[in-house]
Amino acid sequence: MKGGLAALVIKVGAAGLQFAMFLVLAQALNASTYGTFGFGFSLAVLLAVAGSFGQRMLSLRYVSIYAAQGQNRLATGRIRDGFWIITLGTVAFAVLSAPAFIWMRPELGWPFIAATGVFALTTAWAEYFAFVLRAYDRMSLALAPRDVIWRGLVILSAIPLILFWPGQSSAAQITWLLTALLVAMVLVQVHLHPATRPKALFLAPAAYDRATWRPRMWGLWGVSVLQITAPNLVVVLLGLMLSPADTGPTFAALRIALLMNLVLLAANMVVSPTISRLHHDGKTRALQRTCATVAAIAGGSALLIFLGLILFGVWLLSLFGTGFETGYNVLLIVAGSYAVNALTGPTSVLLELTSHDRAAFRLLARMNLIAMAAMIPMIWAFGPVGAALCLALSVAGWNLEAVRYTRREMGIDPSVLGLMRQGQLS
């Protein structure tokens, strides 16, 4: 509860700052360039996850175990191996995909695509080191630099743009601004823990167990890619198929809808190392209790937030600018699927950290392939609402399937209904 409270406080503050950051950036850009920026931001997230090759969750899984067992050389080797794979992977995806996006949308221009690629690499580093620090139970250090300090600095840096050049900044300029500030935050963050300092990262004695790591990374990679693909693919496809003015309200709606995941994300960050250790030690009852508690707290909180979005969603969207209210239907559809996500508990974390990552990949692949196959015709037919329906199918459908799998194969129900099973196990 202590760790969860710290993570929740940071995530609540981060959620407010995230909303303020995107709101301020909307004022620094006009409606069209904000849509282009949203396209680039979503693309950078996709590139960072695609280039990670599962190293973030792999390090969270194994570094937490190595640290608990005092195997420091293996922990160092895991962190170093993951860092180089993420760096090379993200660069490769960014370089190989850039010509395709320029060919499809030449008006984006090379300066913007280059800025997006560099931002993707910086995002990949920030995410990776956050996962590593979570493995050491350094929750505040893992979350605060990017979630709080970086977003606060972006807001402060954008204020002069709003005061003196409102709506005149380009999407490339804003992306470079975000990148420079995030690089500064990562450099400070890695120096604050012995395991991530440059000397440890590059020079300290290390041991490698690649025979164990490599088979596990592919399932974790597939799960992470599929989890992040649908919400970001919505914005990318809208940016390619419709005008930037159509993309902007949807991007804003999706950012607001992420509030639904606030408590679940905070809880998952705290319980991930715990789930790994409980499974490793064979403590099924404690594992069931942990998952059911997360589902109850996260689900109840999500329903309250959903009610708030129903009542105040139009007003929140209107803060981004004239015409953004058109994203209200998208907001409610996606937020509803995230409510299901919260009520089903830590399904993804449970599967990924208990050697069921390949099953998670199959479940995610099935639902995401259906959703992504339908997304292009649904966008042509219904615009952003069609894309939102596909995303909702992906999010809610995969989580319900995951609960059914864990109950059948593991004897654990990670959803809010697991509270009853918790009593049976006790």
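Residues numbered from 1 in each chain as written. Predicted model: local features only at pLDDT ≥ 70, side-chain atom pairs only at ≥ 80, totals over all residues. Heavy atoms only, no water.

**As for the overall build of the protein**
Next up, step 1: Looking only at helices and strands, the protein features 17 helices and zero strands.
Next up, step 2: Here the C-alpha atoms of the protein give a radius of gyration of 21 Å, agreeing with the 22 Å that 2.2 N^0.38 yields for 426 residues.
Next up, step 3: Looking at the protein residue by residue over its 426 residues, the buried ones come to 58%.
Next up, step 4: In the protein, the share of contacts with a sequence separation of at least 24, taken over all contacts with a separation of at least 6, comes to 84%.
Next up, step 5: Of the charged side chains in the protein, 29 are positive and 14 negative; the average position of the first set lies 8 Å away from that of the second. (Helix = DSSP H or I, 4+ residues; strand = E, 2+ residues; numbered from the N terminus. Rg over C-alpha atoms; globule rule 2.2 N^0.38 Å. Buried < 20%, exposed > 50% of the residue type's maximum accessible area, 1.4 Å probe, protein only. Contact = heavy atoms within 4.5 Å. Lys, Arg positive; Asp, Glu negative; His and termini not counted. Charge placed at Lys NZ, Arg CZ, Asp CG, Glu CD.)

**So, helix H2 (residues 31-50)**
Next up, step 1: Over its 20 residues, H2 runs 29 Å from end to end, which matches the ideal 28 Å to within 8%, given 1.5 Å per residue.
Next up, step 2: Across the 20 residues that make up H2, a large majority, 17, are buried.
Next up, step 3: Measuring from the side-chain oxygen of the N-cap residue of H2 to the backbone nitrogen of Thr-33 gives 2.8 Å; that N-cap residue is Asn-30. (Expected span 1.5 Å × (residues − 1). Polar contact = N/O pair within 3.5 Å; in protein donor to acceptor, adjacent residues only side chain to side chain.)

**Regarding the pattern of salt bridges**
Next up, step 1: Enumeration over the complete set of coordinates arrives at 11 salt bridges.
Next up, step 2: For Glu-127, the salt bridge identified is with Arg-146, shortest N-O distance 2.3 Å. With Glu-127 in helix H5 (residues 110-135) and Arg-146 in helix H6 (residues 139-164), the pair connects residues that are 19 residues apart, well separated along the chain.
Next up, step 3: The exposure class assigned to Arg-146 is buried, which follows from its relative accessible area of 17%.
Next up, step 4: For the salt bridge of Arg-277 with Asp-137, the shortest nitrogen-to-oxygen distance reads 3.9 Å. Of the two residues, Arg-277 is situated in helix H11 (residues 262-280) and Asp-137 in the loop between H5 and H6; the sequence distance between them amounts to 140 residues.
Next up, step 5: For Asp-137, a relative accessible area of 47% gives the class partly exposed.
Next up, step 6: Residues joined in a network through salt bridges with shared partners are Arg-78, Asp-81, Arg-210 and Arg-214. (Salt bridge = Lys/Arg side-chain N within 4 Å of Asp/Glu carboxyl O.)

**A look at the nonpolar core**
Next up, step 1: Core analysis: the largest hydrophobic core is formed by 131 residues, its most contacted members being Leu-25, Tyr-34, Phe-37, Trp-150, Leu-178 and Phe-320.
Next up, step 2: If you tally residues by element for this core, the top one is helix H9 (residues 210-241), at 13 residues.
Next up, step 3: In contact with Tyr-34, not counting residues within four places along its chain, are Phe-22, Leu-25, Ala-26, Leu-29, Gly-248, Phe-251, Phe-320 and Phe-324. (Core = buried A, V, L, I, M, F, W, Y, C linked by side-chain atoms within 4.5 Å.)

**Focus on the confidence of the model for the protein**
Next up, step 1: Of the residues in the protein, 96% reach a pLDDT of 70 or more, and the chain-wide mean stands at 87.
Next up, step 2: Mean pLDDT across the secondary structure elements of the protein bottoms out at helix H17 (residues 418-425), with 61, and peaks at helix H7 (residues 171-190), with 95. (pLDDT = per-residue confidence, 0-100.)

**Some thoughts on unusual backbone geometry**
Next up, step 1: A positive phi angle is found at Phe-53, which is not glycine, with a value near 50°.
Next up, step 2: Owing to a relative accessible area of 18%, Phe-53 belongs among the buried residues under this scheme.
Next up, step 3: Notably, Asp-137 is not glycine yet its phi reads approximately 60°, a positive angle.

**Side note on helix H15 (residues 357-382)**
Next up, step 1: Approximately 40° is the largest bend angle found in H15, and it occurs at Met-375, with the proline Pro-377 only one to four residues beyond.
Next up, step 2: The set of residues buried in H15 consists of Asp-357, Ala-359, Ala-360, Leu-363, Leu-364, Ala-365, Met-367, Asn-368, Ala-371, Met-375 and Ile-379.
Next up, step 3: The inward-facing, buried residues of H15 contact helix H3 (55-69), H9, helix H14 (347-352) and helix H16 (384-409).
Next up, step 4: Note on H15: the residue one or two positions beyond its end, Gly-383, has a positive phi of about 70°. (Bend = angle between axes of the 7 residues up to and from the residue.)

**Brief notes about a nonpolar patch on the surface**
Next up, step 1: Residues Leu-307, Ile-310, Leu-311, Phe-312, Trp-315 and Leu-319 make up a contiguous nonpolar surface patch of roughly 610 Å² in combined accessible area.
Next up, step 2: Along the chain, the position of Leu-319 falls in the loop between helix H12 (284-318) and helix H13 (328-343). (Patch = residues over 30% accessible without salt bridge, like charges linked within 9 Å, V, L, I, M, F, W, Y side chains within 5 Å. Areas by Shrake-Rupley, 256 points an atom, 1.4 Å probe, with all protein chains shown as cover.)

**Brief notes about the side chain of Thr-175**
Next up, step 1: Secondary-structure assignment places Thr-175 in helix H7.
Next up, step 2: Judged by relative accessible area, Thr-175 falls into the buried class, the value being 4%.
Next up, step 3: Not counting residues up to four positions away in its chain, the partners in contact with Thr-175 are Phe-37, Phe-112, Ala-115, Thr-116 and Phe-119.

**A short note on the packing of aromatic side chains**
Next up, step 1: In the structure shown here, the tally under the stated rule is 28 aromatic pairs.
Next up, step 2: The interplanar angle of 85° and the centroid separation of 5.3 Å between the aromatic rings of Phe-22 and Phe-251 together place this pair among those described as edge-to-face. Placement of the pair is Phe-22 in helix H1 (residues 2-28) and Phe-251 in helix H10 (residues 244-257), with a sequence separation of 229 residues.
Next up, step 3: By relative accessible area, which is 1% here, Phe-22 ends up buried.
Next up, step 4: Given the relative accessible area of 0%, Phe-251 is considered buried.
Next up, step 5: Between Phe-83 and Trp-125, the aromatic rings sit 6.1 Å apart at their centres with planes inclined by 20°, giving stacked as the arrangement. Placement of Phe-83 in helix H4 (residues 72-104) and of Trp-125 in helix H5 is noted, with a sequence separation of 42 residues between them.
Next up, step 6: Residue class for Phe-83 comes out buried when judged on its relative accessible area of 9%.
Next up, step 7: In textbook terms, an aromatic cluster arises when at least three aromatic residues are bridged by ring pairs, as seen for Phe-19, Phe-22, Tyr-34, Phe-37, Phe-41, Phe-119, Trp-150, Phe-251, Phe-320 and Phe-324.
Next up, step 8: One cation-aromatic arrangement involves Arg-78 over Trp-213; the distance from NZ or CZ to the ring centre is 4.5 Å. (Phe/Tyr/Trp six-rings, centres within 6.5 Å; stacked < 30°, edge-to-face > 60°. Lys NZ or Arg CZ within 6 Å of the ring centre and 35° of its normal.)

**Focus on the environment of Ala-211**
Next up, step 1: The residue Ala-211 is located in helix H9 in this model.
Next up, step 2: As a C-alpha pair, Ala-211 and Asp-81 span 130 residues in sequence and 13 Å in three-dimensional space.

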